Amino acid sequence: MIARLAGVSVPTVSRVINGRSDVAPQTRERVEELLTRHGYQPRSAARRTQSALIDLVFNDLDSPWAVEIIRGVEDVAQASGAGTVVSAIHRRTSSAKQWLDNMRTRSTEGVIFVTSMVEPPLQAELRRLRLPVVIVDPAGVAPQEAPTIGATNWAGSLRATQYLLGLGHRRIGFIAGPPQLMCSRARMDGYRAALDAAGLAVDDRLVRPGNFYHESGYTAGMHLLGLPEPPTAIFASSDQMALGVYEAVRKRGLRVPDDVSVVGFDDLPEVRWCSPPLTTIRQPLAEMGMLAARTVLRLARGETIESPRVELATDLVVRDSAAAPGSR
């Protein structure tokens, strides 16, 4: 009731009660006045020392890029004296309900969703609880009130394709990500835009579906390399799929980049150690996690966010997996 009357979130009221300093002075004054007016009696000292938490929710946790985002969120949370609760809801309604039931029992400051579609019933319940929400790489159209954090996926994909074109490649295979994700669609559009700018038509036979994981990269790579006119380069829209392409190249008795160049997207830590080290687009995953955590904590303090949609820059990282066709 106090949160509703003060026009703030439940975690904000909790921070005032617990005497924490990360509350705007005017907000603290308003909440304390309402607490006094309604005869609030403090709870036990043990309750007042309970740490604040950030809930970090993924669809799945079986990917190295999830670890990078967790690392970024954890860095900010620890510096702010907050803890992090990591959950996976596996795209199932029952998992989302269980997470929501568990979340209600803890002192959550706010929620960060990663590559998730926040369904309307879940949105409504989070609004009722007055919990701030931030979405990293939204699967679809995000709730209007939820800030989103992403990367320049279109520009990164454009740059990767332009790099291969600059090396002299004209038959460039592309392995897409899950079509329901906005980042996947942006990477596909960047690839198409680069070909169009170079005066090349998109050959649909060179475009294969994927799901960002190794197996789909291997399957797509085997298909592309088995074509009567195979591509001289393959741009996989995730590093894990690019490593799957590496295995397909090996199975075909070929070599990277002697016979086919390969470029990925993400710049996961392990790709600098594969053989050959992978040329890729660096997506600032840890930085995205850090910004999401800072944003959700600012919202929990009642601060205003300057921009509801932030895209962090991507960069081309050139290593040894791409070369001019026929140059070796």
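This text goes with the structure placed above it.
Residues numbered from 1 in each chain as written. Predicted model: local features only at pLDDT ≥ 70, side-chain atom pairs only at ≥ 80, totals over all residues. Heavy atoms only, no water.

### What about the sheet that holds strand S7 (residues 207–208)?
Heads up, the condition is: Pairing between two strands requires that DSSP report at least two bridges joining them. Secondary structure elements follow DSSP: runs of H or I of four or more residues count as helices, runs of E of two or more count as strands, with numbering from the N terminus. The contact rule is simple, with two residues in contact once any of their heavy atoms fall within 4.5 Å. To get an axis, a line is fitted to the C-alpha atoms, and for a helix only the part in contact is used. The angle between two axes follows their N-to-C directions and goes from 0 to 180 degrees.
One open sheet holds the 6 strands; their spatial order is S7-S6-S8-S9-S10-S12, and the pairing between them is mixed. Where the open sheet ends on each side, the last strands, each with one partner, are S7 and strand S12 (315–317). Relative to strand S8 (residues 233–236), strand S6 (residues 172–175) is paired through 4 bridges, and the arrangement is parallel. Paired with glycine 173 across the strands is isoleucine 234, a residue of S8. The sheet strands contacting helix H9 (residues 182–197) are S6, S7 and strand S9 (261–266), and the helix crosses S6 at an angle near 170°. Packed onto the sheet, helix H11 (residues 239–251) meets S6, S8, S9 and strand S10 (279–282) and runs at close to 155° relative to S9.

### Here's the deal with the packing of aromatic side chains
Rules: Aromatic rings from Phe, Tyr and Trp, taking only the six-membered ring of Trp, are treated as a pair when their centres fall within 6.5 Å; an angle between ring planes under 30 degrees marks them as stacked, one over 60 as edge-to-face, and anything in between as tilted. Residue burial is assigned from relative accessible area. The probe radius is 1.4 Å, only protein chains are included, and a residue is buried under 20% of its type maximum, exposed over 50%, and partly exposed in between.
For the coordinates displayed, the defined rule picks out 4 aromatic pairs. Summarising the aromatic geometry, the rings of tryptophan 99 and phenylalanine 113 are spaced 5.7 Å apart at their centres and angled 70° between planes, so their arrangement reads as edge-to-face. Here tryptophan 99 is found in helix H6 (residues 93–103), whereas its partner phenylalanine 113 is found in strand S3 (residues 108–114), with 14 residues between them in sequence. Residue classification places phenylalanine 113 among the buried residues on the basis of a relative accessible area of 1%. For the ring pair phenylalanine 174 and tyrosine 191, a centre distance of 4.6 Å and an interplane angle of 15° mean the geometry is stacked. Within this pair, whereas phenylalanine 174 is found in strand S6, its partner tyrosine 191 is found in helix H9, the two being separated by 17 residues in sequence.

### Topic: the packing of helix H10 (residues 214–225) against H11
Quick note on the threshold: Our angle categories are set so that under 35 degrees counts as roughly parallel, over 145 as roughly antiparallel, 65 to 115 as roughly perpendicular, and the remainder as oblique. For a crossing to be left-handed, the near helix must be turned anticlockwise from the far one by less than a right angle; the clockwise case is right-handed. Under the convention adopted here, Pro, Cys and the residues Ala, Val, Leu, Ile, Met, Phe, Trp and Tyr are nonpolar, Asp, Glu, Lys and Arg are charged, and Gly plus all remaining residues are polar.
It is at 7 Å that the axes of H10 and H11 come closest, and there the two elements cross at 45°. Here H10 is positioned oblique relative to H11, judged by the angle of their axes. In this structure, the crossing between H10 and H11 has a hand that is right-handed. Within the contact between the two elements, H10 uses His214, Ser216, Gly217, Tyr218, Gly221, Met222 and Leu225 and H11 uses Gln240, Met241, Leu243, Gly244, Val245, Glu247, Ala248, Val249 and Lys251. Of the residues assigned to the contact of H10 with H11, the class counts are 8 nonpolar, 6 polar and 2 charged.

### Regarding the pattern of salt bridges
Selection criterion: The rule for a salt bridge is simple: a side-chain nitrogen of Lys or Arg has to be within 4 Å of a carboxyl oxygen of Asp or Glu.
What the rule picks out here adds up to 13 salt bridges. Linking glutamate 125 and arginine 128 is a salt bridge whose minimum nitrogen-to-oxygen distance equals 2.9 Å. Residue glutamate 125 and its partner arginine 128 are located together in helix H7 (residues 120–128), separated by 3 residues, close to a single helical turn. For arginine 128, a relative accessible area of 56% corresponds to the exposed category. Glutamate 303 is paired through a salt bridge with arginine 298; the nearest N and O atoms lie 3.0 Å apart. Relative accessible area serves as the criterion here: at 23%, arginine 298 is assigned to the partly exposed category. Shared partners join several salt bridges into a network, and the residues in it are Arg298, Arg301, Glu303 and Glu306.

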